[in-house]
Protein chains: 2
Amino acid sequence: MKKRYVLIVAGGKGLRMGNELPKQFMPIRKRPILMFALDCFHEWGGGEIIIVLPKEYVNYWKWLCRRYSCAIPHRVVEGGETRFDSVRNGLTAISKPGAGLQGLVAVHDGVRPFVPKPLIEACFIAAEHYGAVVPVIPMSDSIREAESGGWPENRVDYMYIKSHAVRRHRYVSVQTPQVFKLDLLQEAYGQPYSQDFTDDASVVEAMGFEVRTIAGSRDNIKITDPFDLHVAEAWLTNSWL
Amino acid sequence: MKKRYVLIVAGGKGLRMGNELPKQFMPIRKRPILMFALDCFHEWGGGEIIIVLPKEYVNYWKWLCRRYSCAIPHRVVEGGETRFDSVRNGLTAISKPGAGLQGLVAVHDGVRPFVPKPLIEACFIAAEHYGAVVPVIPMSDSIREAESGGWPENRVDYMYIKSHAVRRHRYVSVQTPQVFKLDLLQEAYGQPYSQDFTDDASVVEAMGFEVRTIAGSRDNIKITDPFDLHVAEAWLTNSWL
């Protein structure tokens, strides 16, 4: 079995939440979101954990770990300006690209606090075989595609966007952890950045490598806005696993 | 101003939830989901309400209304085999297609219990002007599209579906109420059924009529599975409007 690494990417500086504190540090049940994600991988227990943080928050995170008596072994790596830079920094911290280290690496969003342990293991097992695996879930809403370009930040402008219905069963939502052969992902992150890189799978795919999908989990929510924070609180209260 | 109608579509017989009771009748805070949706349109107060129900559940619904002392005026119409049939039955109950009745009609999912009143009004105002309006919200996850066909029901088979990343900012999730000029929607529902009809907007669009979009609301959740039921409970507890 190849050596397994986990890169928890928490490099965001938090703008979308309308709050100064980046969302990975926001509390649910008085404990930082990122610490829940760290708990999940620690409880799974199958690999070495590296957390990528904004440079400005490294000391804050260390303080949080003391404050919450979190003694889970992990390394901390400084992120970059974009998510792409952050993942690349994390990968370089594992080993020099091209050094030929045989391994598997999971890239996980630091704002997904409830990833089930069986899902982590399933992604690694599949990646051992296929090289690039991402968890996906079906969509429950109808979806529309913009005719050209995309949807504007300013929602008042939605009215003027030409769009059309698309068949929802052709699409799935992508989650993390996304697991890859280490040398494959390092090579992929050697490419110049493109706007089409929306997640790690898309970076690997841009090299022409086929990405496999696996069934994800509804519990594996991503905390994006205040609504999600309330969902997360409810998840903990009901613990409907 | 045109006369306004609201069609709350609750014709589902409930298979996806793994429960005998169709999801529109399931309780959140001990009150049926559908009754919350009815409350929203009653509180908005701008139009005549028609609820489309499975034939087998019409008496059950009447019993629920007595049981929960719900005296909100509304008509009940029997649905059909599919959602398409149900909406068409509801439209026919408003007026005979082709009769030339001038009006606007909102079609709303009976499993969206928290639609904000300002959103209902905004959709009607925009539809008065544009004829066909749907609320949409941005997507927070990356998405992947199947190369051909769609994603199978059996999630074990996900592994064998060829897919590729698509740019998430090109897509939005579609909500309800979807509001249309009555004669336009009646004409659209005169078309033969197609698999591409994923919502009412897609039916209107298939006639070549342009559908406009408006910013929806994160609060306007759709109850699709047990996870959503817990989210709904949490929404009520926190009432984070």
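Structure: see above.
Asks: Would you mind going over the relation of the copies chain B and chain A with me for this structure?
Replies: Applying a rotation about an axis and a shift along it to one chain copy brings it onto the other copy. Rotating chain B by 180° about the axis while translating it 0.0 Å along that axis superimposes it on chain A, leaving an RMSD of 0.0 Å. Expressed as an axis order, the relation between the two copies is that of a two-fold axis. A high fraction, 100%, of the interface residues of chain B reappear at the interface in chain A, so the copies pair face to face through one surface.

Asks: For this particular structure, what's the right way to read helix α3 (residues 83-94) of chain A?
Replies: For the α-helix, the turn length of 3.6 residues means that residues three or four positions removed from each other point alike. Residues and elements named next belong to chain A. The end-to-end C-alpha distance of α3, which contains 12 residues, comes to 17 Å, matching closely the 16 Å that a straight helix rising 1.5 Å per residue would cover. Considered for burial, the residues of α3 that qualify are Phe84, Ser86, Val87, Gly90, Leu91 and Ile94. All buried residues of α3 lie within an arc of 165° about the axis, which places them on one face of the element. For α3, the secondary structure elements touched by its buried residues are β1 (3-9), β4 (48-53), β5 (75-78), β6 (103-109), α5 (182-188) and α6 (200-205).

Asks: Help me understand the packing of helix α1 (residues 33-44) of chain B against helix α4 (residues 117-130) of chain B in this model?
Replies: Relative orientation and spacing of two packed helices are given, respectively, by the angle between their axes and the distance between those axes. Residues and elements named next belong to chain B. Where α1 contacts α4, the axes come no closer than 9 Å and their chain directions differ by 65°. By the angle class used here, α1 and α4 are roughly perpendicular. As α1 runs across α4, the sense of the crossing is right-handed. Contact residues: Cys40, Phe41, Glu43 and Trp44 in α1; Lys117, Ile120, Glu121 and Phe124 in α4. Residues that form the contact of α1 with α4 fall into these classes: 5 nonpolar, no polar and 3 charged.

Asks: Would you mind going over the environment of leucine 119 of chain B with me for this structure?
Replies: Residues and elements named next belong to chain B. Structurally, leucine 119 can be placed in helix α4. For leucine 119, a relative accessible area of 7% corresponds to the buried category. For the pair leucine 119 and glutamate 81, spaced 38 residues apart in sequence, the C-alpha separation works out to 30 Å. Once residues lying within four places of it in the same chain are set aside, the contact partners of leucine 119 are Pro135, Gln175, Ala215, Gly216, Ser217 and Asn220.

Asks: Please explain the interface of chain B and chain A as it appears in this structure.
Replies: It is common to report an interface's size as the accessible area lost on association of the parts. At the junction of the two partners, chain B supplies 65 residues and chain A supplies 65 residues. A combined buried area of about 5900 Å² lies between chain B and chain A, and 50% of that area is made up of carbon and sulfur atoms. The largest share of the area that chain B buries against chain A comes from Arg144, Arg170 and Phe227 of chain B, three residues that together contribute 13% of it. Where chain B touches chain A, the interface holds 14 salt bridges. Here aspartate 225 of chain A and arginine 218 of chain B are joined by a salt bridge, their closest N and O atoms 2.7 Å apart. Looking at the side of chain B that touches chain A, the elements with two or more residues in it are α4, β7 (132-138), β8 (142-146), β9 (163-166), β10 (171-174), α6 (200-205), β12 (212-215) and α7 (226-238) of chain B. The element best represented in the side of chain B that touches chain A is α7 of chain B, accounting for 7 residues. Grouping the amino acids of the side of chain B that touches chain A by side-chain chemistry returns 28 nonpolar, 16 polar and 21 charged. As defined by bridge partners, strand β8 (residues 142-146) of chain A adjoins β10 of chain B across 4 bridges and the pair is classed as antiparallel.

What counts as what
- Residues numbered from 1 in each chain as written.
- Chains lettered and ligands numbered in written order.
- Predicted model: local features only at pLDDT ≥ 70, side-chain atom pairs only at ≥ 80, totals over all residues.
- Heavy atoms only, no water.
- Least-squares fit on C-alpha atoms with pLDDT ≥ 70 in both.
- Contact = heavy atoms within 4.5 Å.
- Helix = DSSP H or I, 4+ residues; strand = E, 2+ residues; numbered from the N terminus.
- Expected span 1.5 Å × (residues − 1).
- Buried < 20%, exposed > 50% of the residue type's maximum accessible area, 1.4 Å probe, protein only.
- Arc of directions from axis to C-beta.
- Axes fitted to C-alpha atoms, helices over the stretch in contact; angles between N-to-C directions.
- Parallel < 35°, antiparallel > 145°, perpendicular 65-115°, else oblique.
- Left-handed = near helix turned anticlockwise from the far one by under 90°.
- Nonpolar A, V, L, I, M, F, W, Y, C, P; charged D, E, K, R; others polar.
- Buried area = accessible area lost by both parts, 1.4 Å probe.
- Salt bridge = Lys/Arg side-chain N within 4 Å of Asp/Glu carboxyl O.
- Pairing = 2+ DSSP bridges.

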